[in-house]
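A structural walkthrough
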Amino acid sequence: HSKEEGRNQYSFFVPEMSQAIKDKREMEMQLRDALSNGELELAYQPKWGFRSGEVEGFEALLRWPHKTRGPISPADFIPIAEETGLIVEIGEWVLLHACMEAMHWPNDIEVSVNVSPIQFSAKSLLKDVRSALAQSGLPPERLELEITEGALMQDTDANLEILEAIREMGIKIALDDFGTGYSSLGYIRRFSFDRIKIDKSFINDVLTSKDSQAVVQAVCGICANLNIESVAEGIEEQIQLDYLNKEGCSQAQGYLIAKPMKPEIVSEFLERPHRYLTKTS
Ligand code: C2E
Ligand code: MG
Ligand code: MG
Ligand code: MG
């Protein structure tokens, strides 16, 4: 009886696994082609400053308009690019193109680039950052790298050294998706981040969840005390923006201000007035 079950399991399990592996290989090959054929694009989402009342920078977000399947979310293809190591080449492309694009913007507007943990372990990050700045001519002060805790969990000392070297160049370092990992507070002690981005899952329900309110208040408070800028991601509603303003948050990002936009739109977007807070707040 148990033999039969075993066989059933075998014949059910294996074809499904191999299909998943085939799908991944297929996607990896298509992604590699998209990269070499220049089919990858960057969309830019503004980051708005509570104090200045102005747009202070844009985050570069990777877009893959797949020829037959339509747009594929980075949440779906970045993990595959990471598994296969292709993220190293993709990351190099993103850095260079984001820096070059930012050269078309007013010279007080920053650009933020997401960096995968794999780019640290591949040891190419420092070289790629230097070469993107050199090729584009962008001043390092206008570049920010967004890293997640994943980059710090393995090889911590080696990665902190790389981060330190990058920061010494004048580039800003932001800790992305804060609150979703494990020992976030420990990392704040070990490295002086310029910004901390509160994950949008906390912003989603900040008006209704006491827990999210506690996290948002704590992070904004810690940042203020440590002279770190706090950034709220995923602001979709006016009332969320007003709440974050009261908590002393530094920057806001989210659909309320704008969705990620094509590079052609950025200059026109910057020319519009950008007042988002309600008058009473
Ligand atoms: P992330 O870095 O945390 O980026 C924020 C994500 O939230 C983006 O999703 C953005 O479009 C989305 N978002 C912004 N405001 C709102 C809002 O108000 N509501 C909602 N529902 N969503 C909002 P996106 O562009 O799909 O990117 C997903 C993730 O993929 C990014 O999360 C980042 O981890 C990764 N990613 C994107 N581009 C790159 C890249 O060039 N390199 C690497 N390594 N990762 C990237
Ligand atoms: Mg990010
Ligand atoms: Mg984030
Ligand atoms: Mg996030």
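In this text the structure is predicted, and so the values were computed from the model without any measurement.

1. Let's talk about the packing of aromatic side chains
By the definition in use, this model includes seven aromatic pairs. When the ring of W64 is compared with that of F77, the centres are 5.5 Å apart and the planes differ by 90 degrees; the resulting orientation is edge-to-face. Placement of W64 in strand β2 (residues 55-66) and of F77 in helix α2 (residues 74-84) is noted, with a sequence separation of 13 residues between them. Summarising the burial analysis for this pair, W64 and F77 share the class buried. Aromatic rings pair up to connect Y44, F58, W105 and F269 into one cluster. Cation over ring: K259 sits above Y255, and NZ or CZ is 4.8 Å from the ring centre.

2. A few points about the coordination of the magnesium ion (ligand 2)
At 2.0 to 2.2 Å from the magnesium ion (ligand 2) lie its protein donor atoms, namely E59 (OE), N114 (OD1), E146 (OE) and D176 (OD). Binding-site remark: the magnesium ion (ligand 2) is held by donors from one chain whose sequence spacing is E-x54-N-x31-E-x29-D. The distance between the magnesium ion (ligand 2) and the magnesium ion (ligand 3) comes to 3.8 Å, with D176 serving as a donor to both metals. Of this pair, N114 sits in strand β4 (residues 110-114) while E146 is found in strand β5 (residues 143-147), placing the two residues 32 residues apart along the sequence.

Conventions we followed
Residues numbered from 1 in each chain as written. Chains lettered and ligands numbered in written order. Predicted model: local features only at pLDDT ≥ 70, side-chain atom pairs only at ≥ 80, totals over all residues. Heavy atoms only, no water. Phe/Tyr/Trp six-rings, centres within 6.5 Å; stacked < 30°, edge-to-face > 60°. Helix = DSSP H or I, 4+ residues; strand = E, 2+ residues; numbered from the N terminus. Buried < 20%, exposed > 50% of the residue type's maximum accessible area, 1.4 Å probe, protein only. Lys NZ or Arg CZ within 6 Å of the ring centre and 35° of its normal. Donors = N, O, S within 2.8 Å, 3.2 Å for Na, K, Ca; no water.

The quantities given are spatial measurements derived from coordinates; they are silent on function.
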